[in-house]
Amino acid sequence: MSLIYKYSSEKPFTQSAQEVLATWSRQDPVNATGKDLEFTPPENTALIVNTSGSSGKPKTVIHTWDSLKSATMNSLESINHLAHGNSVKKYICCLPVNHVAGLAVIHKALLTKTDIDFINPKDYKAISESLNQDSICTSLVNTQINQIGFPTPVNSTLLIGGSNISKEILDKAKRLFNIFIPTYGMTETFGGVVYKNVINQNVNLTINSEGGIEIESSSVAPYFFSNDTMLPTDSFLATNDIGKFEDGKLTVLGRKDFVINSSGNKYYPEKLEIEIGHLIDQPFLVTSIPDQKRGELIVVLVEGSEKIYELPNIFSKQINTKEIPRLRNKKVDRNSAKKLALAIINK
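Residues numbered from 1 in each chain as written. Predicted model: local features only at pLDDT ≥ 70, side-chain atom pairs only at ≥ 80, totals over all residues. Heavy atoms only, no water.

Trainee: I keep staring at the pairing of strand β15 (residues 236-246) and nothing clicks. Help me out?
Mentor: Along any regular strand the residues' side chains alternate between the sheet's two faces. Relative to β15, strand β12 (residues 212-217) runs antiparallel, the two sharing four bridges. Bridging across to β15, I215 finds its partner in L237. Looking at chain direction, β15 and strand β16 (residues 249-255) are connected through six bridges and run antiparallel. Across the sheet, residue D241 finds its bridge partner in β16, namely R255. Connecting the antiparallel pair β15 and β16 is a turn made up of two residues, with D247 showing a positive phi of about 55°. (Pairing = 2+ DSSP bridges. Helix = DSSP H or I, 4+ residues; strand = E, 2+ residues; numbered from the N terminus.)

The structure is reproduced here in structure tokens:
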């Protein structure tokens, strides 16, 4: 099988995105891993892509045409329902195409035969201008929402992924977009399986005895590649996320690996960050350092100046640093941040 596309961060973004669209239009597979592959993927392969590695080493996920179509059709059905049947005349792709967030926008446009524009993810002025039209649909991340300007016209739809969305981001997104849809999903499911806290059709999402989120769906990638071996998933995924149901709706509490155990209580840094987001006007994250009495102390790592903030009593210390560690996709690197906090304390 010829995998003719390889993402390169050195290419102009529009060329890379257009190449993905052209490749999929020919029903050829896309290799978005950024490296040559040393194994033969299944015959029905449509996409090979790496996870972000938010909680550890990234893994390589293999989607087929069937899993992509299932994920996209489920997504389109949810968007149509939440947008009250308002049609999308154009998609705007302004997220990188070496990750599912950008790729999913392209596949929606391709499957629905809808026009699509490609915008550099860091060109905030161009993003603002592109959104200033009726009946568009796009996906954005927190940083972009913080930077973009004027409101969009009627029937514009925004998808924003992740459980760690601050009240400030939510409020601004609601002002900019009359149809605003927070989503929960991942690389393995080719995007969202939960829209506005409601599980998509054709998705079976359960909470196990330890609070872990488990997903069974035809949108789950059929294979992943680990230790030079291709392994089947059987359409089942045990995620690394902790969640709960409230009145039939899913609340994602945080990642299992990042739970802070302090004085016998469990704290989720992602939720704590939402709670104190209005108190801090610099980039920051919540992490912990070890403590003999309490197990762990909750601390706040703040990027930038030496400004000191007033924080609730559960926070033991504010630690200032020149830069918060980040992964290649610009998400915070919580494992490295935890090590950095301890190193600064021990200086």
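There's more to say after this.
Trainee: Just to check I follow, could you spell out the sheet that holds strand β20 (residues 295-303) for this structure?
Mentor: Strand pairing in a sheet relies on backbone hydrogen bonds. The paired strands run either parallel or antiparallel. Pairing is mixed in the open sheet, where three strands are placed in the order β19-β20-β21. What marks the edges here is a single partner per strand, and that holds for β19 (284-291) and β21 (315-321). Strand after strand, the sheet turns through a mean of 35° between neighbouring axes, direction not considered. Pairing of β19 with β20, which is carried by eight bridges, proceeds in the antiparallel orientation. Across the sheet, the residue bridging to T287 is V299, located in β20. Strand contacts of helix α8 (residues 334-345): β19, β20 and β21, with the helix running at about 60° to β19, the strand carrying the most contacts. (Axes fitted to C-alpha atoms, helices over the stretch in contact; angles between N-to-C directions. Contact = heavy atoms within 4.5 Å.)

Trainee: Can you walk me through the side chain of S156 in this structure?
Mentor: With respect to the helices and strands, S156 occurs in the loop between α5 (142-147) and β7 (157-161). Contact partners of S156, with chain neighbours within four places excluded, come to S135, I136, L176, F177, N178 and I179.

Trainee: I tried to follow the sheet that holds strand β4 (residues 90-93) on my own but got confused; where do I start?
Mentor: As summarised here, the arrangement of the seven strands in space is β5-β4-β6-β7-β8-β9-β10, forming an open sheet in which the pairing is mixed. Edge strands, defined here as strands with exactly one partner in the open sheet, are β5 (115-118) and β10 (198-199). Relative to strand β6 (residues 136-139), β4 runs parallel, the two being bridged by three bridges. Following the sheet pairing, Y91 is matched in β6 by C137. Taken strand by strand, helix α3 (residues 100-112) contacts β4, β5, β6, β7 and β9 (191-195), and its axis lies near 160° from that of β4.

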